[in-house]
Amino acid sequence: MTPEFLFAVDVGGSSVKLGIVDGNGVVVAKSALPFRSLASFEALVEGAAESLDALARTVSAAPEAIGIAAPGYADPATGLPLDGTGNVPLLKGGSLAAELARRLNVPAATDNDAISATLGELEFGVGRRVSSFALITVGTGIGGALVIDRRIVRGRDGKPPEFGAMVLEPGHPYQRYGLHGTFEDLAGGKAVIAAYAAETGEAAEDLNMSLLRERALAGDARADAAFETMGRYIAQAFGTMINLTAIELCVVGGGISLAGGFLLDRIRRHLRANTWPYLFDDARILATEHGNDSGLIGAAAMVRRRLNPVAGENVPVIKPSAFG
């Protein structure tokens, strides 16, 4: 029987989004916890559990499980992070899935945040009527996932792809993942803000992408150039994926998707120079249908799949008593 309501958690670079999602992929209640209010992993668990418990009191039936979307890759059997927590150090403290399962007394499951956002759009968003597409999430960092024949592409043992590690400018002085000139170094929100701050002399911590967008719209040439650079690199990444896989749709997600046509128009303008002409005419670029809620919707869809596994996707959930 399909659960009527599910808890959903989406861990971003600056905050944790929390919600309750119904069986139709609708976020019926949500809240957020900013990381600046959290000093430790224990505080993260406490704050998330209290917020989810408060949200549960707003719906007619108790949520039956928790789906968690988080950066990097965690062991699905334990929820312990194995890689990719650089942008969210608090996650290194333990298994958020196991702790929330124990605190709320329901099973939990965790998956990569970009894969979760992609699943949300595959089942309930812009991807529900296409066969193949790529989604790039742009927030503090960059992630993404690829769908071929309506299946999300994964590596061995379910490992997620790491779009942010694509090397777009070999030899570039920025370095991450032990690589120079990665997509995340060049076009992630943190990198773009740092580059803009270096030009203006402002403190990077006083800036965010929404503020840069406001400045660009108001005529700030340096802010406008920052978005132009971001759009060019996203187009380079999408063009490479179109050329490799002949996908029919490119989707932009994460917090930056809320910029709408402001960014998408720039990506479209640069895409032609990065794409084989024969494939260019078939490719569309869209923002996620559910904006910043795609990760919550996908986290719920993921745990629902694990509670009701289909062939080839038999991944266990974490039970409330699994670790004492």
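Reference entry: report on the structure contained in this document.

**Overview of the nonpolar core**
Now for step 1: Ile136, Phe183, Met230, Ile234, Phe238 and Ile267 are the most contacted members of the largest nonpolar core, which totals 43 residues.
Now for step 2: Tallying contributions element by element places helix 7 (residues 221-245) first for this core, with eleven residues.
Now for step 3: By size, the runner-up hydrophobic cluster in this structure holds 35 residues, among which are Leu38, Ala48, Leu52 and Val106.

**Side note on the sheet that holds strand 10 (residues 151-152)**
The pairing of strands in a sheet happens through backbone hydrogen bonds and is either parallel or antiparallel.
Now for step 1: Reading across from one edge, 10-9-8-13-14 is the order of the five strands in this open sheet, with mixed pairing throughout. Each edge of the sheet is formed by a strand with only one pairing partner; in this case those strands are strand 10 and strand 14 (284-287).
Now for step 2: Alignment of strand 13 (residues 249-253) against strand 14, held across four bridges, turns out to be parallel. Across the sheet, the residue bridging to Cys250 is Ile285, located in strand 14.
Now for step 3: On the sheet, helix 7 packs against strand 8 (133-138), strand 9 (142-148) and strand 13 and is oriented at approximately 155° with respect to strand 8.

**A word on the sheet that holds strand 4 (residues 66-70)**
Now for step 1: Here we have five strands laid out as an open sheet, ordered 3-2-1-4-7, and mixed in their pairing. The sheet terminates laterally at strand 3 (27-34) and strand 7 (108-112), the two strands that pair on one side only. Strand-to-strand twist in this sheet, taken as the mean axis angle between neighbours without regard to direction, amounts to 20°.
Now for step 2: In this fold helix 1 (residues 41-56) packs onto strand 1 (5-11), strand 2 (15-22) and strand 3, with an angle of close to 30° to the strand it touches most, strand 2.
Now for step 3: Taken strand by strand, helix 2 (residues 96-104) contacts strand 1, strand 4 and strand 7, and its axis lies near 155° from that of strand 4.

**Here we look at the environment of Leu271**
Now for step 1: Turning to its location among the elements, Leu271 is positioned in helix 8 (residues 261-271).
Now for step 2: A residue is classified by how much of its surface remains accessible, and Leu271, at 2% relative accessible area, is buried.
Now for step 3: Along the sequence, Leu271 and Asp10 sit 261 residues apart, while their C-alpha atoms lie 30 Å from each other.
Now for step 4: Leave out the neighbours within four places in its chain, and Leu271 touches Ala235, Phe238, Gly239, Ile242, Phe280 and Ile285.

**Notes on the side chain of Asp293**
Now for step 1: Mapped onto the elements, Asp293 comes out in the loop between strand 14 and helix 10 (294-307).
Now for step 2: On the basis of relative accessible area, Asp293 is assigned to the buried category, the value being 16%.
Now for step 3: Not counting chain neighbours up to four residues away, the residues in contact with Asp293 comprise Val27 and Lys30.

**Considerations on the pairing of strand 9**
Now for step 1: Most of strand 9 is tucked away: six of the seven residues are buried.
Now for step 2: Two elements, strand 8 and strand 9, share six bridges in a ladder whose sense is antiparallel. Looking at strand 9, one finds that Ile136 is bridged to Gly144.
Now for step 3: Linking strand 8 back to strand 9 in an antiparallel pair, the connection comprises three residues.
Now for step 4: With two bridges joining them, strand 9 and strand 10 adopt antiparallel strand pairing. Residue pairing across strands places Val147 opposite Ile152, the latter belonging to strand 10.
Now for step 5: What sits between strand 9 and strand 10 in their antiparallel hairpin is a turn of two residues, with Asp149 showing a positive phi close to 50°.

**Re the packing of helix 5 (residues 189-200) against helix 6 (residues 209-217)**
Now for step 1: As a packed pair, helix 5 and helix 6 sit with axes 10 Å apart at the nearest point and diverge in direction by 55°. It follows that helix 5 is oblique to helix 6 by the angle criterion. Our pair here, helix 5 against helix 6, has a crossing hand that is left-handed. In contact with Gly189, Val192, Ile193 and Tyr196 of helix 5, helix 6 contributes Met209, Leu212 and Arg215.
Now for step 2: Partitioned by chemical class, the residues of the contact of helix 5 with helix 6 number five nonpolar, one polar and one charged.

Calculation rules
Residues numbered from 1 in each chain as written. Predicted model: local features only at pLDDT ≥ 70, side-chain atom pairs only at ≥ 80, totals over all residues. Heavy atoms only, no water. Core = buried A, V, L, I, M, F, W, Y, C linked by side-chain atoms within 4.5 Å. Buried < 20%, exposed > 50% of the residue type's maximum accessible area, 1.4 Å probe, protein only. Helix = DSSP H or I, 4+ residues; strand = E, 2+ residues; numbered from the N terminus. Pairing = 2+ DSSP bridges. Contact = heavy atoms within 4.5 Å. Axes fitted to C-alpha atoms, helices over the stretch in contact; angles between N-to-C directions. Parallel < 35°, antiparallel > 145°, perpendicular 65-115°, else oblique. Left-handed = near helix turned anticlockwise from the far one by under 90°. Nonpolar A, V, L, I, M, F, W, Y, C, P; charged D, E, K, R; others polar.

The values reported here are purely geometric and, on their own, carry no functional implication.
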